[in-house]
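Remarks on the overall topology
The lines below spell out each chain.
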Amino acid sequence: MKIWAFSDKTTLMNRLICILGLVLACQGFAIENWEDFAIEPKTEKFDGKEYRLIYTAEELAWVAKTTDHPESQGSIPNVRLMADIDLGGKLWTPICAGKGTPHFDAVFDGNGFFVENMYIKGSELLEIHDGKTVYIQNIGFIGVLGSGTVKNLALKNVNILATNDDGTNPGTNEISVGGLVGWKNETASGTIDGVSVSGTITVSGKGQGIGGIVGNAKAGTIKNCISTVSIYASGNKSYIGGVVGLTKANLNVESCVYAGENLVNTGKDGAVGAIVGDHRSGTLTTTGTYFDSDLFDTGVGKGTVSPTNPVEELNSEEVICALNGGNLDENGILHRSELAESFARKYQLIMIDEYQDSNDKQDCLFKLLSQDCRISEDGRTLRYGTN
C-alpha cells in the first residue's frame, strides 16, 4: 500500500488538485447540447395567432426540446424570433426531429432576424439521445416540415456533419439533410418563403438527399430563397442540390438562387444539380430559379428536367427582380415588382458577393428579400421586420 507524505500544506493542496484533475479526466466530458439549457419562452398574440416569442438561444432550444418526440405532434407552437440568435457551435437537435412524426405544422416566423453558428453532428445526436437512430434520419434546423410555414429567416454559417453508415444505421434507409429542413413531407400546403442559408454540409455513407435549403422534399412550395451552402458528399447514391437534394412528388420551386461554389459528390451513382439534385417522381415546377453557369452545368442533376436559368452574372437586375416578384417580358424588358423598383431607385444593389466582409452583404441581401422590407426616412438604411 502506497503512503503519501506531505511536507507542508501547500504541497498537500497541490497534490489534491492534481488528483482531482485526474479523476475528472477519467470521467470524460458530456457533449454540450442546447436541450440541456432550454428555457420556456413567453406567449403573445399576433394577427389572432399565439406565438412563442424567442429572444435567446435557450428559448429557441425549448422549441426543439418540446417537439422532438411523437407525443408532441398536437402541441407544436407557432414561433416568432424577436432577436438575432447565436447558437455558438453547441450541438443542435432539430426541431421536430425524427422519421416523420412529429412534423412541423405551425408557423416559424424569422421576423427578419438570423440564427447563426448552428452545429449538428449525427454521431453526437445518437449519443445524447441514447442511440435512437430516428434522430439522424432527417437532419436540419427543422427535421421534418409538414403543413407549416417557415419564413423571413436567415441561417448563417451552419455546420452539419451526418452519415448513413455510423454502425447503427448502415445504409438501410436514405437520410435527408438540409440546411433549413431535412425532410419536407407529402403535405402539399407546406411553404418555405424568404429564407437564406449559408455554411457547410458534409455527409458520408450510401443513400442520401442533401440540399442547401431542403434535403428531401415530397411536396410543397419553396420560394424567394437563397442558398450559398457548400455541400460535400462521399457516399454512393448521394443526390445533391444547391436548393433541394431530392424530390419524389409534386414540388414548386419559385424565385430561388443557388449562389454557392461547392457541390461536391465523390461517390458513385448519384447526381448533382445547382437547384435540384434528383427529380425522382411526380411534378417539379421551377420558376425564376438561377445559378452560376460558369460553375455548374445543370440546374436539375437527374430525372425529368424542369427549366432553370444558368446565368454568368448572378448580381444582376434580372435575378434580383425575379427574387422579388418581377419578370422579363418577351421583348426582354424588365418589369420590377414595387419592392424591387423602390430599391433600384435608391441603391446600387450588390446581391451576391463575399458577404463575410465588413459591408455584411448577406445581411443586406436578406433584408432585400424580407417580405416586410422598408427603407428608412434618410433613404440610406435598410430596415425590416416590424420597424
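Small disclaimer: the values here were computed from a predicted structure and weren't measured.

1. Considerations on helix 2 (residues 57-65)
- Where burial is concerned, most of helix 2 is hidden: 7 out of the 9 residues are buried.
- Turning to helix 2, the residues buried within the fold contact strand 2 (49-54), strand 3 (78-81), strand 4 (85-86), strand 5 (107-109) and strand 6 (114-116).

2. With respect to the nonpolar core
- Formed by 73 residues in total, the largest nonpolar core has its most connected members in Trp92, Phe141 and Leu180.
- Ignoring any residue separated from it by four or fewer positions in sequence, one finds Leu180 in contact with Gly140, Phe141, Ile142, Val150, Leu153, Leu155, Ile192, Val195, Val197, Gly212 and Ile213.
- Judged by nonpolar contacts, the second largest core, of 7 residues, contains Ala259, Tyr290, Leu314 and Val319.

3. Some details on the packing of aromatic side chains
- Evaluation of the coordinates by the stated rule reveals 5 aromatic pairs.
- Aromatic side chains Phe46 and Tyr51 sit 6.0 Å apart centroid to centroid with 80° between the ring planes, which places their arrangement in the edge-to-face category.
- We classify Tyr51 as buried; its relative accessible area is 7%.
- For the ring pair Phe108 and Phe141, a centre distance of 5.4 Å and an interplane angle of 85° mean the geometry is edge-to-face. Here Phe108 is found in strand 5, whereas its partner Phe141 is found in the loop between strand 8 (138-139) and strand 9 (142-145), with 33 residues between them in sequence.
- Given a relative accessible area of 0%, Phe108 falls into the buried group.
- Accessibility expressed as a relative area gives 0% for Phe141, which makes it buried.
- Here a set of aromatic residues connected by ring pairs shows up, and it is made of Trp92, Phe108 and Phe141.
- Across the ring face of Phe46, the terminal group of Arg80 is positioned such that the distance to the ring centre comes to 4.3 Å.
- Over the aromatic face of Tyr239 sits the side chain of Arg280, whose NZ or CZ is 5.0 Å from the ring centroid.

Basis of the calculations
- Residues numbered from 1 in each chain as written.
- Predicted model: local features only at pLDDT ≥ 70, side-chain atom pairs only at ≥ 80, totals over all residues.
- Heavy atoms only, no water.
- Buried < 20%, exposed > 50% of the residue type's maximum accessible area, 1.4 Å probe, protein only.
- Helix = DSSP H or I, 4+ residues; strand = E, 2+ residues; numbered from the N terminus.
- Contact = heavy atoms within 4.5 Å.
- Core = buried A, V, L, I, M, F, W, Y, C linked by side-chain atoms within 4.5 Å.
- Phe/Tyr/Trp six-rings, centres within 6.5 Å; stacked < 30°, edge-to-face > 60°.
- Lys NZ or Arg CZ within 6 Å of the ring centre and 35° of its normal.

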